[in-house]
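Examining the three-dimensional arrangement
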Amino acid sequence: VFKLEHLDRRFSLLKTGDRVLDLGCHPGSWLRYAAQRVGPSGWVVGIDRAETSPPYDHCRTLVGDIFDTPREILDPEGRGFDAVISDMSPATSGAVARDVALSLRCAEAALGLTAPLLRPGGHFMAKLLQGAGVEEYMAAVKQRFLKAAVFHPKATRKGSREVYVVG
């Protein structure tokens, strides 16, 4: 949760009353943080392949794989979200090129959801492992958002390839 807190302080991702989509929400610390930030006037939807209990009444969690979950299930009212945050991560193998490619696939899926689900002026954030394909991914983020940045939170281990892309 320290990473999300640092990103939120740096980029003002979440505000009171916001609607937030949390991709890869298990075990629930980011879900809880987002729900506290948006307060009872906001709404947080989390999805993960592992079951996660919603921490507050203004949260809903879904068990599913983001690669095959219809967007209508994520946002049945069609109201959209003010922020899409993703801490999705593949099961890493230690093979750098493979792990980077799988990480990029998760980040691309998250970015793909912004077109149909993110409200104009909304915020996006996704975890990514640095490596081949990241420059192309950043170009796609820059096309969709007024500002785009790569950020390495203080809570990330030194030497880690893990970064967060913010739009």
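So, a few notes on the structure that sits alongside this text. Remember, it's a predicted structure, so these values are computed and weren't measured experimentally. (Residues numbered from 1 in each chain as written. Predicted model: local features only at pLDDT ≥ 70, side-chain atom pairs only at ≥ 80, totals over all residues. Heavy atoms only, no water.)

1. Points about the side chain of Lys127
Within the fold, Lys127 resides in strand S5 (residues 118–129). There is a polar contact of 3.2 Å between the side chain of Lys127 and the side chain of Asp87. Each residue touching Lys127, except ones within four places of it in the same chain, is listed here: Ser86, Asp87, Met88, Ser89, Ser103, Ala107, Glu162, Val163 and Tyr164. (Helix = DSSP H or I, 4+ residues; strand = E, 2+ residues; numbered from the N terminus. Polar contact = N/O pair within 3.5 Å; in protein donor to acceptor, adjacent residues only side chain to side chain. Contact = heavy atoms within 4.5 Å.)

2. Topic: the environment of Pro120
Within the secondary structure layout, Pro120 lies in strand S5. Separated by 39 residues in the primary sequence, Pro120 and Phe81 have C-alpha atoms spaced 9.2 Å apart.

3. Quick look at the environment of Arg79
Here Arg79 is to be found in the loop between helix H3 (71–74) and strand S4 (81–86). The spacing of Arg79 and Gly112 is 33 residues in sequence and 17 Å in space, taken between C-alpha atoms. In this structure, Arg79 is in contact with Arg19 and Arg119, ignoring residues within four places of it in sequence.

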